Amino acid sequence: MTHSTQRGLVLFAHGARAASWAAPFERLRDATQAQAPDCAVTLAFLELMTPNLPDTVAAMVARGIAHVTVVPVFLGQGGHLLRDLPALCDTIRAAHPGLNLNVVGAIGEDPGVQRAMTDYCVAALGN
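Residues numbered from 1 in each chain as written. Predicted model: local features only at pLDDT ≥ 70, side-chain atom pairs only at ≥ 80, totals over all residues. Heavy atoms only, no water.

- If you check an unreviewed UniProt entry, the protein appears there as Cobalamin biosynthesis protein CbiX from Massilia timonae CCUG 45783.

## Quick word on the sheet that holds strand β4 (residues 100–103)
- If you walk across this open sheet you meet the four strands as β2-β1-β3-β4, and the pairing is parallel. Bordering the open sheet on either side are β2 (40–45) and β4, each of which pairs with just one other strand. For this sheet the average axis-to-axis angle between neighbouring strands, irrespective of direction, equals 25°.
- Across six bridges, strand β1 (residues 7–13) lies against β2 in parallel orientation. Its bridge partner lying in β2, A13 is registered against F45. (Pairing = 2+ DSSP bridges. Helix = DSSP H or I, 4+ residues; strand = E, 2+ residues; numbered from the N terminus. Axes fitted to C-alpha atoms, helices over the stretch in contact; angles between N-to-C directions.)

## Remarks on the nonpolar core
- One finds V10, F12, L53, V68, V70 and L101 to be the most contacted residues of the largest nonpolar core, which totals 19 residues.
- Every element with two or more residues in this core is listed here: β1, β2, α2 (53–62), β3 (67–72) and α3 (79–95).
- At four residues, α3 tops the list of elements feeding residues into this core.
- Listed in part, the twelve residues of the second largest apolar core include L9, A13, C39 and M49. (Core = buried A, V, L, I, M, F, W, Y, C linked by side-chain atoms within 4.5 Å. Buried < 20%, exposed > 50% of the residue type's maximum accessible area, 1.4 Å probe, protein only.)

## Let's talk about the pairing of β3
- Within β3, five of the six residues are buried, which leaves the element mostly enclosed by the surrounding structure.
- One ladder, built from six bridges, connects β1 with β3; its direction is parallel. If you follow L11 over to β3, its bridge partner there is V71.

## Looking at the packing of aromatic side chains
- Counted by the stated rule, this structure contains three aromatic pairs.
- Measuring from centroid to centroid gives 4.4 Å for W21 and F25, while their planes differ by 35°, and the two rings are tilted.
- Ring pairs connect the aromatic residues W21, F25 and F45, which therefore count as one cluster. (Phe/Tyr/Trp six-rings, centres within 6.5 Å; stacked < 30°, edge-to-face > 60°.)

## Things to note about the pairing of β1
- Taking burial as the measure, the seven residues of β1 include six buried ones, the bulk of the element.
- Since β1 and β2 lie parallel, the crossover through helix α1 (residues 23–35) that links them has a hand, and here it is right-handed. (Right-handed = clockwise from strand over helix to strand, strands pointing away.)

## Some details on unusual backbone geometry
- Here the residue pair T50 and P51 is connected by a cis peptide bond, since its omega of 5° sits within 30 degrees of zero.
- You can see P51 is positioned in the loop between β2 and α2.
- We note that L48 has phi near 70°; this positive angle belongs to a residue other than glycine.
- Topologically, L48 is positioned in the loop between β2 and α2.

## Focus on the pattern of salt bridges
- Inspection of every chain in the model, using the stated rule, returns one salt bridge.
- R29 is the salt-bridge partner of D30, the closest N and O atoms lying 2.9 Å from each other.
- Classification of D30 as partly exposed rests on a relative accessible area of 44%.
- A relative accessible area of 24% means that R29 is categorised as partly exposed. (Salt bridge = Lys/Arg side-chain N within 4 Å of Asp/Glu carboxyl O.)

Encoded structure:
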């Protein structure tokens, strides 16, 4: 018997032309999935790569997932997160009215992530 989760987590990244650009995001997805085994964790991209956010969420809804959290894997709240992401979310909510869609702030603005980046930068001085 397979276990069907009701929660999904989408790591939302910009995307790039080079396929290798996605590698750290794939590692983040895999590590997150390992720590949240009862949640479906996936990647979605704004542009240049697939899958996009609407297709990713539609696939989750088709699997019976009723609550999706989107984590923007961006350093800051630039134009993509201030304009493009809300527009995408409006489209998704219109297509899936029963879905609980939650969007959190950019990962790079989290104080813990900022501390980790600061530690990395300071450690670079020792190289």
